[in-house]
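Residues per chain are reported as follows:
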Amino acid sequence: FGLVFMVVALGSGAMIVQNTVQEKQSRVVEILLAAVPARALMAGKILGNSVIGVANAAAMAAVAALGLALTGQGALLDMLSAPLIWFVVFFLFGFVLVASIFAGGASMVSRQEDTGSVMSPAMMLIMLPYFGVVFFADNTLVMTILSYVPFSAPVAMPLRLFFGEAAWWEPLLSLGLLAVCTLAVITLASKIYTNSLLKMGSRVSLREALRGS
């Protein structure tokens, strides 16, 4: 779960950053904004990459389930079925959350050389679930906490469901918290994206991006 989330999210996030910065460098963004609002442009990037990301996650889950079925591991497949479904659902919201951060951050820079400074925070948030599970998989308290933290919930909660450590209502509560956080981040990223997209040259500071001046 952690590895799939990290690999897919990092790959799609890097694509969002690269495309956004290229559009600013080539001034194509000025033509695009003449046709569609900045928010619609950001939504298109996130939606397109989310479709690809979720499709990849669903395909990996399907292949894993098929492999278990073909090798006669029906008992393990039964144990994995519900966690795999929950993982895909959590992945959707978690991916949109991370993609929004990548899009907002990318709009603040105008050169590929500056993308590292905006990609690093998002990359840390993506890598947190993977390393959190690796180091604390046997720690019930830490895993419970991670299953409610929006950035690690897509990995930690399905894992707790697999081991039967989560009550039936816990994934619903965790998903609700993740959805609320995702909506808040989308709103914030949309403001940053709108205020920064047409500003060329040096990197736009976060305060300036939020202030819009």
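What counts as what
All residue numbers refer to position in the chain's written sequence, counted from 1. Local features in a predicted model are, by the rule used here, given only for residues with pLDDT of at least 70; side-chain atom pairs are given and counted only at 80 or more, and totals for whole chains, interfaces and linings are based on all residues. In computing side-chain values, all of the structure's heavy atoms are included and hydrogens and water are not. For Phe, Tyr and Trp, where Trp contributes only its six-membered ring, two rings pair if their centres lie within 6.5 Å, and the inter-plane angle classes them as stacked under 30 degrees, edge-to-face over 60, or tilted in between. Numbered from the N terminus, helices here are DSSP runs of H or I no shorter than four residues, and strands are runs of E no shorter than two. The rule is simple: take the accessible area with a 1.4 Å probe, protein chains only, and divide by the maximum for that residue type; under 20% is buried, over 50% is exposed, in between is partly exposed. Residues grouped as a nonpolar core are buried Ala, Val, Leu, Ile, Met, Phe, Trp, Tyr and Cys residues, joined through side-chain atoms within 4.5 Å. Contacts: residue pairs with any heavy atoms within 4.5 Å of one another.

Draft legend 1. Structural detail: the packing of aromatic side chains. Scanning the entire structure with this criterion turns up 7 aromatic pairs. On the basis of an interplanar angle of 55° and a centroid distance of 5.8 Å, the ring pair of F87 and F91 is categorised as tilted. Separated by 4 residues within a single helix, F87 and F91 lie in helix α4 (residues 74-106), roughly one turn from each other. Comparing F87 with F91 shows no difference in burial state: the two are buried.

Draft legend 2. Quick peek at the nonpolar core. Among the nonpolar cores identified, the biggest contains 37 residues, and F5, F91, F102, I126 and Y193 are the most heavily contacted of them. Those elements that place two or more of their residues in this core are α1 (2-25), α3 (38-70), α4, α5 (115-136), α6 (140-146), α7 (153-162) and α8 (170-196). Considering each element in turn, this core owes the most residues, 9 residues, to α4. Excluding residues within four positions of it along the chain, F91 makes contact with V4, F5, V8, G53, V54, A57 and P154. Ranked by size, the runner-up nonpolar core spans 11 residues in total, among them F90, L97, A153 and V185.

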